[in-house]
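Structural overview for review
Next come the chains, spelled out residue by residue.
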Amino acid sequence: MAGRMAYNAAYWLKTVKTGTLLAQNMALHERTMADMLSQRRHTPRVWARPTRALMDEPFQLEVACLPPHCPVTLRSTLCNEGNDLWEAFSHYVSDERGRVNVSKDESLGGSYVGCEPMGLLWSLRLAVGGRQPVRLRKKNIQTPFVVDISLFDGHITDNFNTQTALAVTTMERWYMAPGVRCIEVRENGVVGTLFIPPGPGPFPALLDVWGLGGLMEHRAALLASRGYACLALAYINHPELQLGSGMGISYFQESWNLLQSVPQVSADRLGLLGSCFGAAIFILMASELPDISPRCLVAINSPSGLLNPGEGNYLEKLQRLLPETKLDANGHFMIKDAILAFGIDLERSLQAGGIQCPVLLIVGEDDQCVPSLESAQKLEAQMRAVGKGHLVTKFSYPEAGHLIEPPYHPVMRSSAFNLPGQTVTMLWGGVGKSHAAAQEDSWRRILEFLDKHL
Amino acid sequence: MSFFGECKRIYSEEMKTRISPKITAQPTRGLVDEKIYIRVSNLIPNEKITLRCLLLSEDNDFWHAYGLYISDDKGVVNVAEDVCLGGSYTGTEPNGLIWSLKPVPGSRPALRLRKHNVFTPFLLNISVHKGHINGDFKDASSLALTVIERWYISPGVSRVEISENYIHGTLFLPPGPGPFPGILDLWGGGGGLVEYRAALLASHGYASLALEYMSTQNTSINVNNIGIEYFEAAIHFLKSHPRVSSEQVGIFGLSFGTSVALNIAAKGNRISPRCLVCISGSHAVKINGTIGDVFTNLKEEGGKIMVDENNHFIWKELILPRLADPSKKVKVGNIKCPLLLIAGNDDQNWPTVDSARDMENMMKAAGNEHLLTTLIYPKTGHLIEPPYSPHTRFSNFISAFNQEKVVVLWGGQPKEHSFAQEDSWEKILHFLYHHLYSSSIGLSKL
């Protein structure tokens, strides 16, 4: 047997000009093949369905042609736009038919345990040690993330690069559905990206904002893939924002007007969707500005105890907060308590009673960045006080942190964050599995809410 | 000029407050053999609508299909479940908008939809139109639109050009170290290098070699130079490739490719395939010398060539007389591997059904008919392609043998032919998996 393999290798090395295997890999391959064949195995098969999907779509992952009751490791890897390598892995044991079904079977260890059909995506971490963890962000929204899923013999936890995978499958994960149009917006000082579904419309539309991280397009792209014209808006921390313009209320008024004037947008079907500081701004807008009449509002982990019109810009506020910020045991910034202290002063708190439309509040109870639960409770109370409590729907997730992203996004308890003058590691909060479940559930609730009201 | 300044507001006040109809199609980026699920919502209840699918081919022709539907009480049309009342197809046909694609009126005649570059998808625009439209969409604006991609190749599959040891073709390898079962993929008398089926098979886990054996450009692959040894060399290449499992190599043929496969399998030497998939072919084509000799014999045989009322060539009776002559037929009784034989009984190009019956008899007499599975589909023509390729009843054909340009009648009716493509492909994949993946006979030989 070994002799035959050696013959084939020599023949191939002599005659084949195409192909990319190196001689060393051939030797490794021979040994592994001989091992496998001596154990009377076929090449195992691993396959994911669908192979090309949107980021918020689940996938099934199955393995077949293993020996029965065989321990294996599944490893997912993602190379982010040619730079960082992200990975996750999990341990399974094949059943008596030699199969593993990630949607049904339990992981016995690795990046996650238990039955987690999408665990290989949401437990992805930067593979390179020693660096600060960063959020997974895609610069080019129009190309997919490519995820490889490899199968290894046995339960292994590291040194994957020195082992030969038994089988590999590849998936593409997209933010944009085919036909969605992506338009850069730099108009009247407004900086953002407009995503429009294919077709004549008119479409219901959303303004989408995040916290202090510049222009985040991925959620808007997904929402357009679900049928909403969506303007992802930058209002802080973006090189093209005219100095000082991103801070004022007039900027948001301008953005609103702009979105309304898009021909493919149904002008009386606009909504607001925001995370973090952006959500607080939207709550302010909806409550205080008569010209802004959203059909509905979604606020994810909003620190609405912080803002007040005319109180100066947000960067200044943040800088005032910094000396009061505590560090946790790992030296990660815990901004939440500082914000809480800030907001206790009643004069400064945001009055949400002016909101006329249905509001969906998504709360991560373990949010370590903003006092999300307290803010949500205050907002509910304010609306109840003016007889509008029935407009508020709240979904509160214990053990979910600040960064509630669309489903299956890698879950980060803390990551690097650029503050003016320094890069710190910010503690966001959230416990792996629960936070992932919160992302999945909240997205479903958000889409249902938008479908109902827009 | 700003983007927004240029666009005019064209919608009336009344339309502003109505929710637009919404159309979704799943999967958004699927393989060509995956079923599609199209759903339209936010329509007026019991509203007449037309669904239209539009595609621009790589040859710059527009293809389209359309179906007439009526929404239910909730204003929903669900193509997988609802009945199409007319258009390119009728009845409950979940995938009708794809397999009934035809060139738009005014196109060049006798076209066939084929993909050349497997690394780009077909883009289908699926639109909803008000009312029942009778095929003329020039002035019809759509209520809603969605776009889906249809791919012949999965992510991770790699493409390797092969031109060595005088074999010419393209090898598609699934991702991973393998080794994988291998398939030699053979097309027919049109010649050239056709890659899309091999790419699709690789997406299902098979190292697949699309082999070119009749080329007008590449003079080294001239039919007068190539005999059965060429194909045997291709199989040997596959078997000895480091990412291919040498005991699990099969042959997949259509039309002339089927005859090649049968010739190789019946030879019973060390180049023995693990299994054969033979579509729309015949054993009444023996390869003794070069391929050129074979085609010359075909012409000189004297079998009947007919034309239909449109002067389209019907070649199915050309080799029919050979079925009576054992010396002209491949000895299928010598075949030692499982064989899946697929034919359409409206095949106007080859006598595939008569050949299939004759093969059955020969194998019964020889005692190896347990290896044979035959699938014969009614109202199905010659070009049994992967689903949901549009059915082509006739098309332009340039023989790679003599560069004759004719229009050939392939046969088949759209609905039944499309069913045959869908059904046979499912059975083919099952057959290949059973014999090339899960069977353990290969191991015991070690």
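So, how was this worked out
- Within any chain, residue numbers begin from 1 and follow the written order of that chain's sequence.
- As they are written, the chains are lettered A onward and the ligands numbered 1 onward, keeping that order.
- Restriction of local features to residues with pLDDT of at least 70 applies here, the model being predicted, together with a cutoff of 80 or more for giving and counting side-chain atom pairs; totals for whole chains, interfaces and linings are based on all residues.
- Computation of side-chain values: all heavy atoms of the structure, hydrogens and water removed.
- Numbering of helices and strands runs from the N terminus; a helix is a DSSP stretch of H or I covering at least four residues, while a strand is a stretch of E covering at least two.
- As a reference, a globule follows 2.2 Å times the number of residues to the power 0.38, and the radius of gyration itself is taken over C-alpha atoms.
- When a residue's accessible area, from a 1.4 Å probe over protein chains only, is under 20% of the maximum for its type it is buried; when over 50% it is exposed; and in between it is partly exposed.
- Working rule for contacts: check all heavy atoms of both residues, and any pair within 4.5 Å makes them a contact.
- What sets the accessible areas is the Shrake-Rupley method with a 1.4 Å probe; for residues, cover comes only from the shown protein chains.
- In this count, Lys and Arg are taken as positive residues and Asp and Glu as negative ones, while His and the chain termini are left out.
- For this purpose, a charge sits on NZ of Lys, CZ of Arg, CG of Asp or CD of Glu.
- Across the chain, each position has a pLDDT score giving the predictor's confidence in that residue, from 0 to 100.
- One requirement defines pairing of two strands: DSSP has to find at least two bridges between them.
- Whenever a helix is involved, its axis is fitted only over the stretch in contact; in every case the axis is a line through C-alpha atoms, and angles between N-to-C directions fall within 0 to 180 degrees.
- Centres within 6.5 Å make a pair out of two Phe, Tyr or Trp rings, where for Trp the six-membered ring is used; the pair is then stacked when the planes are under 30 degrees apart, edge-to-face when over 60, and tilted otherwise.
- Angle categories: roughly parallel below 35 degrees, roughly antiparallel above 145, roughly perpendicular from 65 to 115, and oblique for all the rest.
- Any residue outside Ala, Val, Leu, Ile, Met, Phe, Trp, Tyr, Cys, Pro, Asp, Glu, Lys and Arg is labelled polar, Gly included; the first ten of those are nonpolar and the last four are charged.
- Without a salt bridge and with relative accessible area above 30%, a residue can belong to a patch; like charges are then joined within 9 Å and nonpolar side chains (Val, Leu, Ile, Met, Phe, Trp, Tyr) within 5 Å.
- Note on definitions: salt bridges are taken to be side-chain nitrogens of Lys or Arg within 4 Å of carboxyl oxygens of Asp or Glu.

Let us now look at the overall build of chain B. Scanning chain B from N- to C-terminus turns up ten helices and 21 strands. Expected size for 446 residues packed as a compact globule is a radius of gyration near 22 Å; at 24 Å, chain B falls within 12% of this value. Along the three orthogonal principal directions, the C-alpha set of chain B runs to about 80 × 55 × 45 Å. Burial statistics for chain B: of 446 residues in total, 60% are counted as buried. Considering only contacts in chain B between residues 6 or more positions apart, those separated by 24 or more positions represent 71%. If you sum the accessible surface of chain B, you get close to 17,700 Å²; carbon and sulfur atoms cover 52% of it. One way to put it: in chain B the 43 positive side-chain charges average out to a point 1 Å from where the 44 negative ones average out.

As a further point, take the confidence of the model for chain A. Overall, the prediction assigns chain A a mean pLDDT of 83, with 81% of residues at 70 or greater. In the model, residues 1-40 of chain A has pLDDT below 50 throughout and makes 41 contacts with residues more than four positions away in sequence or in other chains.

Turning our eyes to something else, we now look at the environment of Tyr213 of chain B. All names here are of chain B. Looking at the element boundaries, Tyr213 is found in the loop between β13 (207-211) and α5 (228-239). Each C-alpha atom of the pair Tyr213 and Ile291 lies 8.9 Å from the other, and the pair is 78 residues apart in sequence. Those residues in contact with Tyr213 that lie beyond four places of it in its chain are Leu186, Trp187, Gly188, Ile221, Val223, Ile226, Tyr230, Phe231, Phe256 and Gly257.

To continue, consider the sheet that holds strand β13 (residues 229-234) of chain A. All names here are of chain A. Strand order in this open sheet of eight strands is β10-β11-β13-β12-β14-β15-β18-β19, and the pairing throughout is mixed. Each end of this open sheet is capped by a strand with a single partner; those strands are β10 (181-187) and β19 (392-397). Strand-to-strand twist across the sheet, computed as the mean angle between neighbouring axes with direction ignored, equals 20°. Pairing analysis gives four bridges linking strand β15 (residues 296-300) to strand β18 (residues 359-364), with the strands arranged parallel. Bridging across to β18, Val298 finds its partner in Leu360.

Summed over the entire model, instances satisfying the criterion amount to 24 aromatic pairs over all chains. Ring geometry for Tyr251 of chain A and Phe252 of chain A: centres 5.6 Å apart, planes at 90°, overall edge-to-face. Seen from their ring centres, Tyr433 of chain B and Tyr437 of chain B are 5.5 Å apart, and the 25° between their planes marks the pair as stacked. Here Tyr433 of chain B pairs with Tyr437 of chain B, and both are found in helix α9 (residues 414-437), just four residues apart, close to one helical turn. Using a relative accessible area of 4% as the deciding quantity, one classes Tyr437 of chain B as buried.

Residues and elements named next belong to chain B. Put simply, α5 and helix α6 (residues 256-267) touch, their axes get as near as 10 Å, and they point 75° apart. Of the possible angle classes, the one that applies to α5 and α6 is roughly perpendicular. For the pair α5 and α6, contact is made by Ile228, Phe231, Glu232 and Ile235 and by Val260, Asn263, Ile264 and Lys267, respectively. Looking at the contact of α5 with α6 residue by residue, the class counts come to five nonpolar, one polar and two charged.

Attention now moves to a nonpolar patch on the surface. Where nonpolar side chains cluster on the molecular surface, the patch consists of Ile70, Val83 and Leu85 of chain B and spans about 250 Å² of accessible area. Tracing the sequence through the fold places Val83 of chain B in the loop between β6 (77-78) and α3 (96-99).

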